[in-house]
Amino acid sequence: MSYLPASVFFNQDVKYLKGAGPQRAELLQSEYGIKTYGDLILHFPYRWVDRSRFYKINELTEEAPFVQLRGKIKTISTAGDKRATRLIATLSDDTGSIDLVWFQQIKYLRETLKAGSDYVVFGKPTAFNGKINLVHPDVELLATFNETLSGNMQSMYPTTEKSKGRGLDSKAFWRMQKNLIAQLPPELDECLPTTIINQTKLISLRQALIQIHFPDDERSLITARYRLKFDELFYLQIQLLQQKLVRTHKSRGRVFSKVGDLFNTFYKQHLPFDLTQAQKRVLKEIRQNTLTGHQMNRLLQGDVGSGKTIVALMCMLLCIDNGMQACIMAPTEILAQQHYTSITALLRNMPVSIALLTGSTKSKERKHILEALENNDLNLIIGTHALIEDQVVFADLGLAVIDEQHRFGVQQRYKLWSKSKTVLPHVLVMTATPIPRTLAMTLYGDLDVSIIDELPPGRQPIVTHLRFENNRLRVFGFLKEEIKKGRQVYIVYPLIDESEKMDYMNLMQGYEAVVQYFQQPEYKVSIVHGKMKPADKDFEMQLFVSGKTQIMVATTVIEVGVNVPNASIMVIESAQRFGLSQLHQLRGRVGRGAYQSYCILMADYKLSVDARQRLQTMCNTNDGFVISEVDLKLRGMGDIQGTQQSGNMSLRLADLPKDKAILEQARQAAINLLETDATLTQPENKVVRNTLNNLAAQKGNWGKIS
Ligand code: ADP
Ligand code: MG
């Protein structure tokens, strides 16, 4: 995916480049997807090494970073047997000597390395049998070393094993880039309008491309990277913003023109509490949105327990007041059931017809529901994935609410809102996994976002502790006391995967230990895990919900949405194995009633640095937004769910959240541009339009789906 301006130069086939040739071109294509000059020039270095600093051999320790040495290769020998031969060259400088070791390319190295010559060597010191050596270092004759330098920096290119084995290594890339840059036309088109370049004080695209491959110094490298990151993020943002523009201006939406009887009666007579300011604000935002005549596509973020459901329910009433149907889709059967129970209770004695549709709805009842839905005899339907099946036909769907969004893929969302025959229904996606602003902008830059950033009054913050195996008896003792006061307890084990026999064993052993320990004074234990039949799961869950069992031993199947206000303690076993957002979700299952709630993280003594930070973060804060920021920092963007399938170009250079500031600048520039010239028809903005067309042609049309 490239934002380079279309040009004859960039479109040339790499096989015509000096140093490439047909065979290497094939390798470039198969290993890296590089076909053209343009593709190659965007194969950026991943590291720039300061080649001005030379280490002395006696300075080296295992902790040293990549180091550069200058010395004489004294001897070259092979060791080991046939199957595990290694080549050892001894390098000496005036402070000592060190072994350079290779396990591959031995034949080639034997032929080229010259004993008695001076070399520059570059590698990472490692310890082996108590001695420091360098494994697979880069070596270069001192005599030719200076040729491959630009300033003091040397660029290192990402390479694959296969490619290195065939001689296409970092240095080979370096040479090809050198040849390519040498031919770069003196006048290179820009990919950004001049005003943006000037306002943001960016260097030219041409300079940036030269400097990222061959930086004069550290500063030029920074400005070059800045420029190219800006390009990436700018084009990412402008694509998202355009999708949003298209949606808000072109796609017609239903108009919820009146606030009717249902909404008003509910608000005045049924609502069991006052709405928080945040809930009111979000309701207003949605109300405004549904008046515009354009389709709403909104993400509602709110921490666990912040009261998203009631907001959704009131929006659905608004929809029904205007003569249309509404639906809410939940990711699990238990959750759908729970929504059904609480919504029917809230709407008791109100003229709204409600149904529940899930995988286990009996066929006779299903038939009845589907008919009613199609005849407009049903106002509100609650369900699971069953709602998106083809047989489900709405008479007039006005609003689709999707709960706990992260469980559903983009495709499924699309399927749901394509269920309207004429005009797209409004869509409200609710998530309890807060997404950091940076990420939200990248992933959902095309959605409107509402945030409930306030918990209902009277909630006591959950107290979280980290405990180890030697504290277990005390932890269990504490559980006993709380149960005696009438509370209930969750004990959660890491997910059972079919292949993970160990996890299953741990769960069962844990369960038995719990049953044993709590026999006196006869506390009852439920168990729920993924291998159980849905009916059995529900049965056990019901026992716990109704208070017949005091302890629920479970896997993460209870992670999402389940609401048992009397449960006030969450024990998480092997907590170090969970990700931060999952820990936060699990903890959100308690703290729903009026009682002081606790979360106890049971962990191994030996914790990795990351795991310690995750658990410490949990102990320090209850704020989902803070947690999501830490999570993003620890994991980086690549691992966060959904980023791969965001359907937009992948980022080569920009690294979120580190490059947050550039992202915000790029987004602002894109917003300003679209505000002054939405159609990109002004002459100076034509480059943006061309580039966008280019990008669209390269990726096929993803736009509409997300
Ligand atoms: P979530 O945002 O996690 O989906 P819920 O919608 O399930 O949260 O709400 C959690 C609990 O808080 C529910 O029992 C709900 O009735 C209650 N609740 C929601 N809004 C308020 C409010 N404004 N005041 C008091 N309780 C509220
Ligand atoms: Mg919820």
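Because the structure is a prediction, the values reported are computed rather than measured.

A. Representation of the sheet that holds strand E11 (residues 325-329) within the structure. The seven strands lie next to each other as E12-E13-E11-E14-E15-E10-E16, forming an open sheet whose pairing is parallel. Every other strand in the sheet has two partners, leaving strand E12 (354-357) and strand E16 (448-452) as the edge strands with one partner each. With direction set aside, neighbouring strand axes in the sheet form an average angle of 20°. In this sheet, strand E14 (residues 397-402) lies alongside E11 in parallel orientation, the contact comprising five bridges. Following the sheet pairing, alanine 326 is matched in E14 by leucine 399. Against the sheet, helix H13 (residues 308-321) touches strand E10 (297-302), E11, strand E13 (380-383), E14, strand E15 (426-431) and E16, its axis set at about 170° to E14. Set on the sheet, helix H15 (residues 363-374) makes contact with E11, E12 and E13; between it and E12 the angle comes to about 130°.

B. Just the pairing of E13, in detail. Side chains Leu380 and Ile382 project from E13 onto one buried face, and the interleaved Ile381 and Gly383 project onto a second face that is buried too. The pairing of E11 with E13 spans four bridges and is parallel. Residue methionine 329 lies in a different strand from E13, and its bridge partner there is glycine 383. This β-α-β element, E12 to H15 to E13, shows right-handed connectivity.

C. A look at the pattern of salt bridges. Under the definition given, this model contains 19 salt bridges. The closest approach of N and O atoms between aspartate 396 and arginine 254, which form a salt bridge, is 2.6 Å. Placement of the pair is aspartate 396 in the loop between E13 and E14 and arginine 254 in the loop between helix H10 (218-250) and helix H11 (261-270), with a sequence separation of 142 residues. Each member of the pair aspartate 396 and arginine 254 is classed as buried. Here lysine 367 ties to glutamate 371 by a salt bridge, and the two come within 3.9 Å at their closest N and O atoms. Placement of both lysine 367 and glutamate 371 in helix H15 is noted, with a separation of four residues, approximately one turn of the helix. According to the relative accessible area criterion, glutamate 371 is partly exposed, its value standing at 43%. Residues joined in a network through salt bridges with shared partners are Arg281, Glu285, Arg298 and Asp453.

D. Quick look at H13. Taking 1.5 Å per residue, 14 residues should reach 20 Å; H13 reaches 20 Å between its end C-alpha atoms and fits that length. Count one or two residues on from H13 and you reach glycine 323, which has phi positive near 80°.

E. Broad picture of the environment of serine 608. Locating serine 608 in the fold gives a position in the loop between strand E22 (598-603) and helix H22 (609-620). In this structure serine 608 comes out as partly exposed when scored by relative accessible area, which is 43%. A polar atom in the side chain of serine 608 sits 3.1 Å from the backbone nitrogen of alanine 611.

F. Spotlight on the domain arrangement of the chain. If you check the domain split of the chain, you get domain 1 (1-51 + 159-188), domain 2 (52-148), domain 3 (261-289 + 306-431) and domain 4 (463-621). The distance between the C-alpha centroids of domain 1 and domain 4 comes to 53 Å.

G. Focus on the state of the cysteines. Summed over all chains, the structure comprises zero disulfides. There is no disulfide at cysteine 315, and the cysteine sulfur nearest it, in cysteine 319, is 9.5 Å away. With no disulfide of its own, cysteine 327 lies closest to cysteine 319 among cysteine sulfurs, the gap being 9.1 Å.

H. Main features of the packing of aromatic side chains. Tallied over the entire structure, the rule returns 15 aromatic pairs. Ring geometry for tyrosine 490 versus phenylalanine 544: centroids 5.2 Å apart, planes at 50°, classification tilted. On the criterion of sequence distance, the pair formed by tyrosine 490 in strand E18 (residues 488-492) and phenylalanine 544 in helix H20 (residues 534-545) is long-range, its members being 54 residues apart. Phenylalanine 544 carries the same exposure label as tyrosine 490, and that label is buried. A network of ring pairs unites the aromatic residues Phe9, Phe10 and Tyr37 as a single cluster. One cation-aromatic arrangement involves arginine 487 over tyrosine 595; the distance from NZ or CZ to the ring centre is 3.5 Å. A cation sits over an aromatic face here: lysine 531 above tyrosine 504, 4.2 Å from the ring centre.

I. Quick peek at the site of ligand 1. Lining the immediate surroundings of ligand 1 are 16 residues, of which Asp274, Gly305, Lys308, Thr309 and Arg459 lie closest. Take glutamine 279: an N or O atom from its side chain is 2.9 Å from a nitrogen atom of ligand 1. Glycine 307 is positioned with one of its backbone polar atoms (N or O) 3.1 Å from an oxygen atom of ligand 1. Coverage of ligand 1 by the protein chains reaches 79% of its 560 Å² of free accessible surface. Across the shell around ligand 1, the residue classes break down as four nonpolar, seven polar and five charged.

J. Highlighting the sheet that holds strand E4 (residues 96-102). With respect to topology, seven strands assemble into an open sheet ordered E6-E7-E4-E3-E2-E5-E8, the strand pairing being mixed. The open sheet is flanked by strand E6 (125-128) and strand E8 (138-141), the only strands paired with a single partner. Between one strand axis and the next, the sheet turns by 45° as a mean value, whatever way the strands run. Here strand E3 (residues 86-93) pairs with E4 via seven bridges, running antiparallel. Within E4, the position partnered with alanine 89 by the bridge is leucine 100.

K. Fine view of helix H19 (residues 501-517). For H19, spanning 17 residues, the distance from its first C-alpha to its last is 24 Å, which sits close to the expected 24 Å at 1.5 Å a residue. All buried positions along H19 are accounted for by Asp503, Leu507, Gly510, Tyr511 and Val514. Down the axis of H19, the buried set is contained in an arc of 100°. They therefore lie on one face. Among the exposed residues of H19, those oriented more than 90 degrees off its buried face are Lys501, Glu512 and Gln516. Residues of H19 that are buried in the fold lie against helix H18 (472-484), E18, strand E19 (525-528) and strand E20 (551-554).

Rules and cut-offs
Residues numbered from 1 in each chain as written. Chains lettered and ligands numbered in written order. Predicted model: local features only at pLDDT ≥ 70, side-chain atom pairs only at ≥ 80, totals over all residues. Heavy atoms only, no water. Pairing = 2+ DSSP bridges. Helix = DSSP H or I, 4+ residues; strand = E, 2+ residues; numbered from the N terminus. Axes fitted to C-alpha atoms, helices over the stretch in contact; angles between N-to-C directions. Contact = heavy atoms within 4.5 Å. Buried < 20%, exposed > 50% of the residue type's maximum accessible area, 1.4 Å probe, protein only. Right-handed = clockwise from strand over helix to strand, strands pointing away. Salt bridge = Lys/Arg side-chain N within 4 Å of Asp/Glu carboxyl O. Expected span 1.5 Å × (residues − 1). Polar contact = N/O pair within 3.5 Å; in protein donor to acceptor, adjacent residues only side chain to side chain. Domains from an automatic or database assignment. Disulfide = S-S within 2.5 Å. Phe/Tyr/Trp six-rings, centres within 6.5 Å; stacked < 30°, edge-to-face > 60°. Lys NZ or Arg CZ within 6 Å of the ring centre and 35° of its normal. Near = heavy atom within 4 Å. Areas by Shrake-Rupley, 256 points an atom, 1.4 Å probe, with all protein chains shown as cover. Nonpolar A, V, L, I, M, F, W, Y, C, P; charged D, E, K, R; others polar. Arc of directions from axis to C-beta.

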